[in-house]
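Remarks on the overall topology
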Amino acid sequence: SALAASADEEWARGLAALEANDVVAAMTAFTAALEADPAHAEAAYERGRLLLRIGEPLHAIADFTSAVLANPAHGRAYARRGEAKLVLKDDHGARADFDRAVEVAPGDYEVFVVRSTSRMKAGDLPAAIADLETAKSLADPKTAEVISKMLRKLGR
């Protein structure tokens with residue numbers, strides 16, 4: 001449909017603005033995409049990431065929730081929603097989202113990296129290391145090398 005095409009175009013415009021480090025243009029484009037198609041999972045996810053970055057965790061949670069409602073297999077949206085919940089001191093909700101992220105996207109290294117970070121902050125180093133080792137096994141070679149450096153810093 002024309003609305004979906006418009007939403008996809010705005011989403012693409014938002015991604016290009018992110019590449020150019022233009023946060024305002026990216027936010028505007030992702031918002032326009034969601035106005036055209038409120039169920040556009042990727043636009044909701046990207047806007048949620050921006051909201052989290054600028055210190056708006058409640059609004060970020062709303063966008064990440066929209067993303068997972070539109071695409072229940074969107075592991076990164078669950079993971080980022082978990083991060084936002086941690087900011088708001090909802091440790092139980094965050095853990096549930098991190099675990100759900102891994103459950104719905106077991107082949108996505110990023111969900112393991114995000115969960116690992118939260119586990120590290122909680123003092124559960126063995127679980128954090130296990131997540132990083134899983135992430136390394138799933139990542140592309142360049143990302144795997146970055147994860148290897150993280151593991152070496154942790155004594156692995």
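Residues numbered from 1 in each chain as written. Predicted model: local features only at pLDDT ≥ 70, side-chain atom pairs only at ≥ 80, totals over all residues. Heavy atoms only, no water.

Under the definition given, this model contains 15 salt bridges. Between R115 and D131 there is a salt bridge, and its shortest N-O distance comes to 2.7 Å. Note that R115 is positioned in helix α7 (residues 109-121) and D131 in helix α8 (residues 125-138), a separation of 16 residues in sequence. The buried category is assigned to D131, whose relative accessible area is 3%. A salt bridge links R119 to D131; the nearest nitrogen and oxygen atoms lie 3.2 Å apart. Of the two residues, R119 is situated in helix α7 and D131 in helix α8; the sequence distance between them amounts to twelve residues. Where salt bridges share partners, they join R76, R80, E83, D108 and E110 into one cluster. (Salt bridge = Lys/Arg side-chain N within 4 Å of Asp/Glu carboxyl O. Helix = DSSP H or I, 4+ residues; strand = E, 2+ residues; numbered from the N terminus. Buried < 20%, exposed > 50% of the residue type's maximum accessible area, 1.4 Å probe, protein only.)

Let's shift gears to α8. Given a rise of 1.5 Å per residue, 14 residues ought to cover 20 Å, and the 20 Å separating the end C-alpha atoms of α8 matches this to within 8%. Every buried residue belonging to α8 is among A127, A128, I129, D131, L132 and A135, and all of these are buried. Against α7 and α9 (141-153) lie the buried residues of α8. (Expected span 1.5 Å × (residues − 1). Contact = heavy atoms within 4.5 Å.)

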